[in-house]
4 protein chains.
Amino acid sequence: MSGDLELFGAVFARGPVAAEVSDRGWLQAMLDVEAGLARALARAGLVPPAAAEAVTAAARAEQFSSAEIGRAAEAAGNPVPALVAALGKAVPEHARQAVHFGATSQDIVDSALMLITKRSLPYLEADLAAAASSAARLAEQHAASVMLGRTLLQHATPVTFGLKAAGWLYALDQARLSLRTFARTQLLAQFGGATGTLAALGTRGAEVAGFLAQELGLIEPRLPWHTARIPVLQLSASLGLTSGTIAKIARDITLLAQSELEEVAESGGAGRGGSSTMPHKHNPIGSIAAVSCTRRVPGLVATLLSAAEQEHERGAGSWHVETETASELLRLTGSAASWLSDVLGGLRVNRQRMRENLERAGSAPLAEAVSFALIPKLGRSRAQELVKAALERAADSGQSLQHTLREAPEFSSALAEAGIDDSQLAALFEPASYLGSAPEFIGRALADHAAFETQS
Amino acid sequence: MSGDLELFGAVFARGPVAAEVSDRGWLQAMLDVEAGLARALARAGLVPPAAAEAVTAAARAEQFSSAEIGRAAEAAGNPVPALVAALGKAVPEHARQAVHFGATSQDIVDSALMLITKRSLPYLEADLAAAASSAARLAEQHAASVMLGRTLLQHATPVTFGLKAAGWLYALDQARLSLRTFARTQLLAQFGGATGTLAALGTRGAEVAGFLAQELGLIEPRLPWHTARIPVLQLSASLGLTSGTIAKIARDITLLAQSELEEVAESGGAGRGGSSTMPHKHNPIGSIAAVSCTRRVPGLVATLLSAAEQEHERGAGSWHVETETASELLRLTGSAASWLSDVLGGLRVNRQRMRENLERAGSAPLAEAVSFALIPKLGRSRAQELVKAALERAADSGQSLQHTLREAPEFSSALAEAGIDDSQLAALFEPASYLGSAPEFIGRALADHAAFETQS
Amino acid sequence: MSGDLELFGAVFARGPVAAEVSDRGWLQAMLDVEAGLARALARAGLVPPAAAEAVTAAARAEQFSSAEIGRAAEAAGNPVPALVAALGKAVPEHARQAVHFGATSQDIVDSALMLITKRSLPYLEADLAAAASSAARLAEQHAASVMLGRTLLQHATPVTFGLKAAGWLYALDQARLSLRTFARTQLLAQFGGATGTLAALGTRGAEVAGFLAQELGLIEPRLPWHTARIPVLQLSASLGLTSGTIAKIARDITLLAQSELEEVAESGGAGRGGSSTMPHKHNPIGSIAAVSCTRRVPGLVATLLSAAEQEHERGAGSWHVETETASELLRLTGSAASWLSDVLGGLRVNRQRMRENLERAGSAPLAEAVSFALIPKLGRSRAQELVKAALERAADSGQSLQHTLREAPEFSSALAEAGIDDSQLAALFEPASYLGSAPEFIGRALADHAAFETQS
Amino acid sequence: MSGDLELFGAVFARGPVAAEVSDRGWLQAMLDVEAGLARALARAGLVPPAAAEAVTAAARAEQFSSAEIGRAAEAAGNPVPALVAALGKAVPEHARQAVHFGATSQDIVDSALMLITKRSLPYLEADLAAAASSAARLAEQHAASVMLGRTLLQHATPVTFGLKAAGWLYALDQARLSLRTFARTQLLAQFGGATGTLAALGTRGAEVAGFLAQELGLIEPRLPWHTARIPVLQLSASLGLTSGTIAKIARDITLLAQSELEEVAESGGAGRGGSSTMPHKHNPIGSIAAVSCTRRVPGLVATLLSAAEQEHERGAGSWHVETETASELLRLTGSAASWLSDVLGGLRVNRQRMRENLERAGSAPLAEAVSFALIPKLGRSRAQELVKAALERAADSGQSLQHTLREAPEFSSALAEAGIDDSQLAALFEPASYLGSAPEFIGRALADHAAFETQS
């Protein structure tokens, strides 16, 4: 298998998608398109059924050498003419007429890309489904696991780990929805001949295009899309969305797993996350690998988007750009999804540590709660200024915000003015009672996920 | 209006979208969100209706200075705290409790971005609809306007200008569909408070979020999406698709308008397309401007995609990246669409010149037709070799391919073997009879377009 | 001033570079080029000195409206023809012949871009110099401030804060060197006329180009570079390098400032880093803003790089792409540098907290030290396995690695075998004695910095 | 060899650079670094010379399996620990102490990347030198080959093909200079150990780093650059500059080779540029392939630039991003250079066709010449308006601009007023006399090139 560096494949080519976008995957997909075309021509009565059968029988990747075809591709700038020549030699003479009849190279490459995508998506979906299922489980199990919310990498107000997982779940299901919509609407066959007229087939071209799509299990295009790259752009958008979603989750895990936080940890076999020099290391290597994959995606998406500026009936360069780029995009997103599925499936959540970190943070994360309790009577700006002053006083004195509010006369008088007594004040500093709609939001994410799974 | 360089705004800020994404547009949108929030709070009974009315009355951009608020934004790194302070001053004291209650800065900025998008999309859609309508007209009018197909910037087999326009039409309607799907599903309000729990509102947060969405005419989110950037990514994907589609069409026009081809020309008033030094110039400045806009889009899409890696409950830097970037993306796509609508609306198609260019190209573009006529009897490889040999002979002798095939004994005998007589040979060299399924494809694009317009 | 959204300008348009790349900056720069050209023509004897003086006198931005010129730019797709017309009207009739004689629009825009860059670089350099100077001070002051090294966001072996600052210093000085090399070699004037021949000036063109460069204080180009975009690509490379360097430093600060680490803090006036809802917040807003700026840079660099594919003697679209993009690149890098200079200038380093965090991390960060002490006698793999086993034992028992190694028989016997006694073991766990070449590296960075400053 | 898809390798992996960045190239380079480290340790007296010799003897890629090491890399997220284990097994026991002593994985990977780059650059330089030499030859041979200048894809004023080639030459030599500067200053070894202190080597680390650099033929770094990615950014900038330069040249060739222009053609063996369906095709496949390679570069450069934001002492994800990305960047730039060298070496320039195209364009391309001849007497605006009017009259009447100017009374009287007689008018329409400083510019490019070659 090629298509990536084996040495770095553990990170960037994890899971089964990598094989689909390899030389072998491409070779088989292009052969499948040629065979499908032969059968489509036979269904239209343009070549004998026996010819189509012979082409189909010969169209097995193991009978061809991608290295040889690749070398022969230099003359044309793409491998199809060399593949057609090799396939022509591999079939009996009577069957040669059924090979590549009426097609242009781009018909084969585009249809093959869509076949490869069709074959890759179920693997990607399986990993995303597993990740979503793990996120749902985490959301449910940790609906009441209170922890620090963090904004701009600073302590904010409390959240629950379940809410965090619910946010992951929502995004994962949105990414899955995008991929499904893509699969349902954009997995188009390509068949247009030299310039999109299919003139070599007389007036039978459109009919053969329909048969070809059926043979390949792809969608019949309304018209050739040689230079209207909607399917490629939609693929790249859906993979981008998926990658961006994985990036956020994996990034959260690398941050929560920081030695100073230790709120989550990846599980993994012996040696996982080790270092070549530091014996104590247990790096969260799964989420780091996932992040690495996703950071290579935006540049590739931009490349495909730039390539949409295709000239006339076939671009001079822009078309060629897509094959390796789209392959990498599938491979990297597939690898990231595989890592994420693994990471979320085995994530160890340290509820105890979350609680400790929250306690260690002191009362500041609940300053907002006090502030909002004061606003109705004191107004927004006076309430905020008062709490800020109390926070400063607390910091200077080394005492808690709660203590400071209760003991310092100027603050305690304001509390009295706002009608907040000591027990109410104490209640304001209970994180579990400052979670607002978190349970509602978790419930929605879980309900939507259940509905999504039912539709599947 | 700011948000772009006025000096280059004719190219990059054409049309009404630019105003929506300007400082004024952002200021009004943020004020609208604050006012909507006040009314939502009032509907929930959390503030008096009079307070909400007062906030709504005060929330007019012309009463505030974006320069002043912008300067005051330095402390917080975003303009919302300064805006809230200014708005608080602008309302009577009784109304201050209704300002920004329970919201975090990102709630306001995200909801405002969605409002701005909602306001921009109809303009974008109007220009795309006009462009599609022009493309449909061109597809219909020029269904029989035969011209050279060109692949890799070289002469290929004949097409019609109608088929080319049909390809543009298909892509434009797909882009419009993508934008409509976005508008229907992703124009979400944002309301999550400090960390997505809406804790400041007790358990009423989710309800207020629903009211807020109604007040703003946005969709109620299922849960806060502070760090699950699906709507931003989907927006960027739809705008990218739109931009890529415009790029292809505009690029075709710059190529067809080349001085050596002159198959199309832009219309335009006096001086349009002039040069500061060459008096004879009529540059196709509309399509050039459209291309310029679209070439800035892939980098911006990549930036937004990279920014999806948001940390914890609010990203440290990644969130901030989005505002100007998304504004530019809207502005550039809007400007490109405005140029394209203008260009296609006035495109002058030179059918006569298309015919002449085709004739000047000689018989080579129909070599494929001869080749396919020979294949049934001679087989693929012999047919192709024979035609290539005849093309070389024709080039050497300075005579046409048709003449060479008919007169040179080795070719004429092969024609005889294939059962092709002189009149059949002549017919093979008639471009209009080598258009295959072009009429069918044009018909489909027009039918789909009609159906799309009916659904609108 | 325009060129950005004022509302977000505090983040993205900090410092004086923003004014240089604004409409006003561009207008003045283009006028300066026209005036410089008039004087160059006069020096060549092609126009009367009085005409050149009149043009120079009229070329003041405040006399022209960028909005008006921008609107008039629609016809040509660039503002130069409209500017030339306005400038022509602003000078006495005798001087009109000296306006724009022999120039093409791109001559003016390219030379203006280089002028703007020349004016921006000293500001950028001043901020980078200030940042480097602060980094040097920190490297010196904290050469012995031991802290946790962190790799993959996990505790690694000890470092000093001085070493970290030395790494920042090295990178900052490399970025400054790159910008200086750019300024010394690539700040080229542009003058080529319609197609790079300067034919309108007969054979005097190259001479006038030389005079023009002198008048503008730019470098005389060896030949016109209308479509050989070396200076733009080199600018974008140097700004990219600068931005990437700032990103690393600012990112470190956001991480070190995390509430859980608190090893550094930004200083700043009242309200700096505040939140619209959480009274306790002190976000490290300077480094966050710097990161935000730098994350927008890679996409812009890619856009400029794509635009290098310029066609023939002037690109159809690719040229236009550069003006706003290069302006943004300067603005964002300038803003990031301004933030960084501010942040490093006031950075509060909490040496005490660094020490505490290191202690809290226990003995694991020095596991490597033990491992290397064992290797000479036990061999690499046995040493590493032994230390890993001791780490696991220590984790299980809740005791320190040092204690475990000393007390558990299988470890203590191995230590004995390796000839390590108790006091040597204790020494291995002293972070300050496991800093290797850190002092040497700090010394080098400081020496190189001193040498660099001397050359300035 | 892997690292790319073999099927598309003819386009994207042409030339010898591809082998250097393959799995085999990486494996050998990493082994060379380990061996170099062993020798460096021996030179410092830290391990016995025999151990270093044994490691060096064992460090041959053919003895190791990149697939196996790649699979084993999953645990650590990078292949170094697995490689170190395999190398340890491959050497006698006494030599194991010399393997990887004091190094971290990134030391090996970074140094290997620099070795790979060092090995790739001479191939890249050879192809660029050949391309520059061809461009110099073309500039010289075609210094007087007059042709149409084209701006915005429209006819402009005349140029020579020699001037165009001189512009290519200038840019190629600038790209070469950039690569040489990189090689001279940035090919740094990396050696910092776990966190950049080299603590495992006591105080000998910096000394060993110097020896290592010598052993590898790389530059000794002043301090470890694990997270100060200057060398990677400078590499990416130089490759980007090279790629952008190739893009412009290759794009010009695809445009000049358009069937309608045919001013240049690629040479090439039988079948080069053929189509799978159209027998008449001779696509300029070399320049198309070069363009394809270069269009994938901006996205990769952006990815590397984004990865500069490295955290603390080693990035969590950003570091990993670089290996495959930098490999691809080298491969694609190397392939593009190989194609360009081939294309320029065999470029067929059709001087006759250039002349014909110029004649067919009529007199419009010289309208500027007339305009400038009139300006001294009539002033800029009257001169331009008069020529524009004459151009319109000529277009309407179907006669040449020259004829119209001479015959129509209002124009002939203006000519008389300007003191231009018929023979002077005729001279204005001679393209060869409207070339301005083109010969001077060509001469400069050739002189600079000669000087550059002398320095080599």
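Keep in mind that this is a model prediction, so the values were computed, not measured. (Residues numbered from 1 in each chain as written. Chains lettered and ligands numbered in written order. Predicted model: local features only at pLDDT ≥ 70, side-chain atom pairs only at ≥ 80, totals over all residues. Heavy atoms only, no water.)

## Examining the overall build of chain A
Here comes step 1: Tallying secondary structure elements over chain A gives 20 helices and four strands in all.
Here comes step 2: Computed over C-alpha atoms, the radius of gyration of chain A comes to 30 Å, more than 25% over the 23 Å expected from 2.2 N^0.38 for 456 residues, which places it beyond the range of a compact globule.
Here comes step 3: Along the first, second and third principal axes, the C-alpha atoms of chain A reach 100 × 50 × 40 Å.
Here comes step 4: Within chain A, residue pairs in contact and separated by at least 24 positions form 77% of the contacts whose partners lie at least 6 positions apart.
Here comes step 5: Of the accessible surface of chain A, which amounts to about 13,200 Å², a share of 51% is contributed by carbon and sulfur atoms.
Here comes step 6: Of the charged side chains in chain A, 39 are positive and 47 negative, and the gap between their average positions amounts to 2 Å. (Helix = DSSP H or I, 4+ residues; strand = E, 2+ residues; numbered from the N terminus. Rg over C-alpha atoms; globule rule 2.2 N^0.38 Å. Contact = heavy atoms within 4.5 Å. Areas by Shrake-Rupley, 256 points an atom, 1.4 Å probe, with all protein chains shown as cover. Lys, Arg positive; Asp, Glu negative; His and termini not counted. Charge placed at Lys NZ, Arg CZ, Asp CG, Glu CD.)

## A few points about the pairing of strand β2 (residues 154-160) of chain B
In the case of a regular strand, side chains alternate between the two sheet surfaces.
Residue and element names in this part refer to chain B.
Here comes step 1: Most of β2 is tucked away: seven of the seven residues are buried.
Here comes step 2: Note that strand β1 (residues 146-151) and β2 share five bridges and pair antiparallel. Paired with Met-147 across the two strands is Val-159, which belongs to β2.
Here comes step 3: From the end of β1 to the start of β2, which pair antiparallel, there are two residues, and Leu-152 there has a positive phi angle of about 50 degrees. (Buried < 20%, exposed > 50% of the residue type's maximum accessible area, 1.4 Å probe, protein only. Pairing = 2+ DSSP bridges.)

## What to know about the side chain of Glu-313 of chain D
Here comes step 1: Of note, Glu-313 of chain D is situated in the loop between α12 (297-306) and α13 (318-345).
Here comes step 2: Setting aside chain neighbours within four positions, we find Glu-313 of chain D in contact with Leu-148, Gly-149, Arg-150, Thr-151, Val-159 and Lys-164 of chain C together with Thr-195, His-226 and Thr-227 of chain D.

## Quick word on the interface of chain C and chain D
Here comes step 1: On the side of chain D, 91 residues touch chain C, which itself brings 91 residues to the contact.
Here comes step 2: The junction of chain C with chain D conceals about 7,500 Å² of combined surface from both sides, 63% of it contributed by carbon and sulfur atoms.
Here comes step 3: Put simply, chain C and chain D have 10 salt bridges between them.
Here comes step 4: For the salt bridge of Arg-295 of chain C with Glu-309 of chain D, the shortest nitrogen-to-oxygen distance reads 2.7 Å.
Here comes step 5: Of all the elements, helix α10 (residues 230-256) of chain C adds the most residues to the side of chain C that touches chain D, at 15 residues.
Here comes step 6: A breakdown of the residues in the side of chain C that touches chain D according to their chemical character gives 47 nonpolar, 27 polar and 17 charged. (Buried area = accessible area lost by both parts, 1.4 Å probe. Salt bridge = Lys/Arg side-chain N within 4 Å of Asp/Glu carboxyl O. Nonpolar A, V, L, I, M, F, W, Y, C, P; charged D, E, K, R; others polar.)

## Examining unusual backbone geometry
Generally, phi is negative for residues other than glycine and the peptide bonds are trans, each holding for most cases.
Here comes step 1: A positive phi angle is found at His-100 of chain C, which is not glycine, with a value near 65 degrees.
Here comes step 2: For His-312 of chain D, which is not a glycine, the phi torsion comes out positive at approximately 45 degrees.
Here comes step 3: Residue placement: His-312 of chain D occurs in the loop between α12 and α13.

## Some remarks on empty space enclosed by the protein
Here comes step 1: Considering only enclosed or pocket space, the largest cavity measures out at about 480 Å³ in volume.
Here comes step 2: In terms of lining, the largest cavity is formed by 31 residues, of which the most central are Ser-306 of chain A, Arg-295 of chain B, Ser-306 and Ala-307 of chain C together with Arg-295 of chain D.
Here comes step 3: A per-element tally of the lining of the largest cavity places helix α12 (residues 297-306) of chain C first, with five residues.
Here comes step 4: Each residue belonging to the lining of the largest cavity can be placed in one class, and the counts come to 12 nonpolar, 14 polar and five charged.
Here comes step 5: Around the second largest cavity, the lining comprises 28 residues; the ones closest to its centre are Arg-295 of chain A, Ser-306 of chain B, Arg-295 of chain C together with Ser-306 and Glu-309 of chain D.
Here comes step 6: Every element with two or more residues in the lining of the second largest cavity is listed here: α10 (230-256), α11 (285-295) and α12 (297-306) of chain A, α12 (297-306) of chain B, α10 and α11 (285-295) of chain C together with α12 and α13 of chain D.
Here comes step 7: Among the elements that line the lining of the second largest cavity, the one with the most residues is α10 of chain C, at four residues.
Here comes step 8: Its residues placed into classes, the lining of the second largest cavity shows 11 nonpolar, 11 polar and six charged. (1 Å grid on protein atoms, 1.4 Å probe; cavity = no way out; pocket = protein on both sides within 12 Å on 5 of 7 lines; lining within 4 Å. Points joined across faces, edges and corners; volume = space filled by probe spheres on them.)

## Some words on the pattern of salt bridges
Here comes step 1: On inspection of all chains with the given rule, the structure shows 134 salt bridges over all chains.
Here comes step 2: Linking Asp-342 of chain A and Arg-14 of chain A is a salt bridge whose minimum nitrogen-to-oxygen distance equals 4.0 Å. Highlighted residues: Asp-342 of chain A in helix α13 (residues 318-345) and Arg-14 of chain A in the loop between α1 (9-12) and α2 (17-20), separated in sequence by 328 residues.
Here comes step 3: You can call Asp-342 of chain A partly exposed: its relative accessible area is 32%.
Here comes step 4: Between Glu-328 of chain C and Arg-296 of chain B there is a salt bridge, and its shortest N-O distance comes to 3.5 Å.

## Concerning helix α15 (residues 367-378) of chain D
All names here are of chain D.
Here comes step 1: The end-to-end C-alpha distance of α15, which contains 12 residues, comes to 15 Å, matching closely the 16 Å that a straight helix rising 1.5 Å per residue would cover.
Here comes step 2: Three or more residues of α15 are buried, namely Ala-367, Glu-368, Ala-369, Val-370, Ser-371, Phe-372, Leu-374, Ile-375 and Leu-378.
Here comes step 3: Where α15 is buried, its residues touch β2 (154-160), α16 (380-397), α17 (401-407), α18 (409-417) and α19 (422-428).
Here comes step 4: Phi turns positive one or two residues past the end of α15, at Gly-379, with a value near 85 degrees. (Expected span 1.5 Å × (residues − 1).)

## Some points on the relation of the copies chain C and chain D
Here comes step 1: Its rotation angle being 180 degrees, the transformation that places chain C on chain D also includes 0.0 Å of axial translation and leaves an RMSD of 0.0 Å. Here the transformation between the copies is reduced to the relation of a two-fold axis.
Here comes step 2: Comparing interface residues between copies, 100% of those in chain C also sit at the interface in chain D, which points to an isologous, same-surface contact. (Least-squares fit on C-alpha atoms with pLDDT ≥ 70 in both.)

## Details of the packing of helix α7 (residues 105-141) of chain B against helix α10 (residues 230-256) of chain B
The relative placement of two packed helices comes down to the angle between their axes together with the axis-to-axis distance.
All names here are of chain B.
Here comes step 1: Their axes nearest at 13 Å, the elements α7 and α10 cross at an angle of 20 degrees. Judged by the angle between their axes, α7 and α10 are roughly parallel. The hand of the α7/α10 crossing is left-handed. In this structure, α7 contributes Leu-113, Met-114, Thr-117, Leu-124 and Leu-128 to the contact, and α10 contributes Pro-231, Val-232, Leu-235, Leu-239, Thr-242 and Ile-246.
Here comes step 2: Taken together, the residues of the contact of α7 with α10 sort by class into nine nonpolar, two polar and no charged. (Axes fitted to C-alpha atoms, helices over the stretch in contact; angles between N-to-C directions. Parallel < 35°, antiparallel > 145°, perpendicular 65-115°, else oblique. Left-handed = near helix turned anticlockwise from the far one by under 90°.)

## Looking at the interface of chain A and chain B
Here comes step 1: Across the boundary between the two partners, chain A contributes 91 residues, which contact 91 residues of chain B.
Here comes step 2: The contact between chain A and chain B buries some 7,500 Å² in all, and 63% of this surface belongs to carbon and sulfur atoms.
Here comes step 3: Broken down residue by residue, the surface that chain A buries against chain B is led by Arg-222, Glu-309 and His-312 of chain A, which jointly contribute 11%.
Here comes step 4: Applying the counting rule to chain A against chain B returns 10 salt bridges.
Here comes step 5: Among the salt bridges present, the one from Arg-444 of chain A reaches Glu-220 of chain B, with a minimum N-O distance of 3.4 Å.
Here comes step 6: For the pair chain A and chain B, the interface holds 36 residue pairs in polar contact (both at pLDDT 80 or more). (Polar contact = N/O pair within 3.5 Å; in protein donor to acceptor, adjacent residues only side chain to side chain.)

## Structural notes on the environment of Gln-402 of chain C
Residue and element names in this part refer to chain C.
Here comes step 1: If you trace the backbone, Gln-402 turns up in helix α17 (residues 401-407).
Here comes step 2: With 17 residues separating them along the chain, Gln-402 and Glu-385 place their C-alpha atoms 16 Å apart.
Here comes step 3: Look past the residues within four positions of Gln-402 in its chain and what remains in contact with it is Ser-363, Leu-425, Ala-426 and Phe-429.

## Points about the relation of the copies chain A and chain B
Here comes step 1: In screw terms, the move from chain A to chain B is a rotation of 180 degrees and a rise of 0.0 Å along the axis, fitting with an RMSD of 0.1 Å.
Here comes step 2: Counting the interface residues of chain A, we find that 100% of their copies in chain B are interface residues as well, pointing to one common contact surface.

## With respect to the confidence of the model for chain A
Here comes step 1: In the predicted model, chain A carries a mean pLDDT of 94, and 98% of its residues have values of at least 70.
Here comes step 2: Interface confidence in the predicted complex, given as ipTM, is 0.96; pTM for the same model is 0.97. (pLDDT = per-residue confidence, 0-100.)

## As for the environment of Arg-24 of chain C
Residues and elements named next belong to chain C.
Here comes step 1: By secondary structure assignment, the location of Arg-24 is in helix α3 (residues 23-43).
Here comes step 2: Exposure remark for Arg-24: the relative accessible area of 48% places this residue in the partly exposed category.
Here comes step 3: Separated by 41 residues in the primary sequence, Arg-24 and Ser-65 place their C-alpha atoms 9.0 Å from one another.

## Description of the side chain of Ser-120 of chain D
All names here are of chain D.
Here comes step 1: Note on placement: Ser-120 falls in helix α7 (residues 105-141).
Here comes step 2: What makes Ser-120 buried here is its relative accessible area of 1%.
Here comes step 3: Polar contacts involving the side chain of Ser-120 include one to the main-chain carbonyl oxygen of Ile-116, which spans 2.8 Å.
Here comes step 4: Ignoring sequence-local partners within four residues, the contact set of Ser-120 consists of Val-17, Glu-20, Val-21 and Leu-330.

## Thoughts on helix α15 (residues 367-378) of chain B
Here comes step 1: Among the 12 residues of α15 of chain B, nine are classified as buried, and the element is accordingly described as predominantly covered.
Here comes step 2: Elements in contact with the buried residues of α15 of chain B: β2, α16 (380-397), α17 (401-407), α18 (409-417) and α19 (422-428) of chain B.

## Observations regarding the packing of aromatic side chains
Here comes step 1: Counted by the stated rule, this structure contains 12 aromatic pairs over all chains.
Here comes step 2: Here the aromatic rings of Trp-26 of chain A and Phe-8 of chain D are separated by 5.2 Å at their centres, their planes lie at 80 degrees, and the arrangement is edge-to-face. Taken together, the residues span two chains, with Trp-26 of chain A in helix α3 (residues 23-43) and Phe-8 of chain D in the segment before α1 (9-12).
Here comes step 3: Its relative accessible area of 7% is what places Phe-8 of chain D among the buried residues. (Phe/Tyr/Trp six-rings, centres within 6.5 Å; stacked < 30°, edge-to-face > 60°.)

## Examining the environment of Ala-82 of chain C
Residues and elements named next belong to chain C.
Here comes step 1: By secondary structure assignment, the location of Ala-82 is in helix α6 (residues 80-90).
Here comes step 2: Taking the relative accessible area as the measure of exposure, Ala-82 reaches 14% and is therefore buried.
Here comes step 3: Measuring from C-alpha to C-alpha, the distance between Ala-82 and Glu-68 comes to 8.7 Å, with 14 residues separating the pair along the chain.
Here comes step 4: Residues within four places of Ala-82 in sequence aside, it is in contact with Ile-69, Ala-72 and Ala-73.

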